[in-house]
Amino acid sequence: GAGVSQSPSNKVTEKGKDVELRCDPISGHTALYWYRQSLGQGLEFLIYFQGNSAPDKSGLPSDRFSAERTGGSVSTLTIQRTQQEDSAVYLCASSLSLGTHGETQYFGPGTRLLVL
Amino acid sequence: GQQLNQSPQSMFIQEGEDVSMNCTSSSIFNTWLWYKQDPGEGPVLLIALYKAGELTSNGRLTAQFGITRKDSFLNISASIPSDVGIYFCAGRVLTGTASKLTFGTGTRLQVTL
């Protein structure tokens, strides 16, 4: 079966431009997560969607970052007025509903963003 | 954002050697997870630990959930070349429907033949 897919795989943009990153979760997964991974670093939580609940946006670094999830499936992470420090790999993950033991998050391959 | 302290940062080992890495936190977690990330890929879950003191094995991998719930270790026995990659620990606190993972800084493993 298909895993989590992300597009584009690589994105180069100029400082000040807006970018949109897309995530297609595994079919049937109700939870979707966005993380950011800077060079040589661990993953930094950005935002979390769970079903129809309000998203947990506590990890978004600034108001230039926003995310939507349409129809409970595809998600788009938007970065407005990109800055050089936004350069990183943006990873998406999805999982089934939260259970007693939590759930396993399955990661996509990531979008590598470079802001010049 | 918050990150867990993971050590060592990197290690070179010879094929066949055993490997040990650990993760510590000032916070308590309900679940500890260990992931491996290959170049150009997203992390893949290796082992999940749900109870304090739990010791779990998956093939050549063994991981333990610390009794204080603030630490975990991962051991790899008889390393092979395909073990090369970056290993991340992650802690999870379950509060209602929230399920954020806090990741460690990673251990880069390189194996020499």
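Anything mentioned here points back to the structure above.
K.L.:
Explanation requested: the overall build of chain B in the structure shown.
P.N.:
The helix and strand tally for chain B stands at zero helices and 11 strands. Scanning chain B from its N terminus toward the C terminus, one meets helices and strands in the order β-β-β-β-β-β-β-β-β-β-β. In summary, chain B has a C-alpha radius of gyration of 14 Å against a globular reference of 13 Å for 113 residues, a match within 12%. By its C-alpha atoms, chain B is 45 × 30 × 20 Å across when sized along the principal axes. Per-residue burial over chain B gives 44% buried out of 113 residues. Taking as baseline every contact in chain B between residues at least 6 positions apart, the subset at least 24 positions apart corresponds to 54%. If you average the places of the 8 positive and of the 8 negative side-chain charges in chain B, the two averages end up 14 Å apart.

K.L.:
Just checking my understanding: could you explain unusual backbone geometry for this structure?
P.N.:
Most peptide bonds are trans, and most residues other than glycine sit at a negative phi. Here Ser7 of chain A and Pro8 of chain A are connected by a cis peptide whose omega angle stands at -10°. Tracing the backbone through its elements, the reader meets Pro8 of chain A in the loop between β1 (5-7) and β2 (10-13). For the bond from Ser7 of chain B to Pro8 of chain B, the omega torsion is -5°, close enough to zero to count as cis. Looking at the secondary structure, you find Pro8 of chain B in the loop between β1 (5-7) and β2 (10-14). At Arg69 of chain B, a residue that is not glycine, the phi angle is positive and equals roughly 65°. With respect to the helices, strands and loops of the structure, Arg69 of chain B is situated in the loop between β7 (61-65) and β8 (71-76). According to the relative accessible area criterion, Arg69 of chain B is partly exposed, its value standing at 30%.

K.L.:
Hey, could you run me through the layout of surface pockets in this one?
P.N.:
Remark: the empty space left among the atoms is shown by a probe the size of a water molecule rolled over them. Empty space within the largest pocket amounts to approximately 380 Å³. Lining the largest pocket are 19 residues, and of these Gln37 of chain A together with Gln37, Pro39, Ile86 and Arg108 of chain B lie nearest its centre. Only β8 (88-95) of chain A together with β9 (85-92) and β11 (107-112) of chain B provide two or more residues apiece to the lining of the largest pocket. For the lining of the largest pocket, the leading source of residues is β11 of chain B, giving three residues. Tallied by class, residues from the lining of the largest pocket come to seven nonpolar, eight polar and four charged.

K.L.:
Even after reading the chapter, I still don't get the packing of aromatic side chains, so can you show me in this structure?
P.N.:
Any aromatic ring pair is given by two values, namely how distant the centres are and how the planes are angled relative to each other. All told, the structure shown has 10 aromatic pairs over all chains when counted by the stated rule. An aromatic cluster is built from Tyr33, Tyr35, Phe45, Tyr48 and Phe107 of chain A together with Tyr35, Phe88 and Phe103 of chain B, whose rings are joined through pairwise contacts.

K.L.:
Sorry, what's going on with the state of the cysteines here?
P.N.:
Cysteine pairs can be covalently joined through their sulfur atoms, and such a bond is termed a disulfide. All names here are of chain A. Throughout the structure, instances matching the rule amount to two disulfides over all chains. Between Cys23 and Cys92 runs a disulfide, and the two sulfur atoms are separated by 1.9 Å. Between Cys23 and Cys92, the S-S torsion sits near -65°, and that sign places the bridge as left-handed. Separated by 69 residues along the polypeptide, Cys23 in strand β3 (residues 19-24) and Cys92 in strand β8 bring together distant segments of the chain. Note on accessibility: Cys23 and Cys92 belong to one class, buried.

Rules of the game
Residues numbered from 1 in each chain as written. Chains lettered and ligands numbered in written order. Predicted model: local features only at pLDDT ≥ 70, side-chain atom pairs only at ≥ 80, totals over all residues. Heavy atoms only, no water. Helix = DSSP H or I, 4+ residues; strand = E, 2+ residues; numbered from the N terminus. Rg over C-alpha atoms; globule rule 2.2 N^0.38 Å. Buried < 20%, exposed > 50% of the residue type's maximum accessible area, 1.4 Å probe, protein only. Contact = heavy atoms within 4.5 Å. Lys, Arg positive; Asp, Glu negative; His and termini not counted. Charge placed at Lys NZ, Arg CZ, Asp CG, Glu CD. 1 Å grid on protein atoms, 1.4 Å probe; cavity = no way out; pocket = protein on both sides within 12 Å on 5 of 7 lines; lining within 4 Å. Points joined across faces, edges and corners; volume = space filled by probe spheres on them. Nonpolar A, V, L, I, M, F, W, Y, C, P; charged D, E, K, R; others polar. Phe/Tyr/Trp six-rings, centres within 6.5 Å; stacked < 30°, edge-to-face > 60°. Disulfide = S-S within 2.5 Å.

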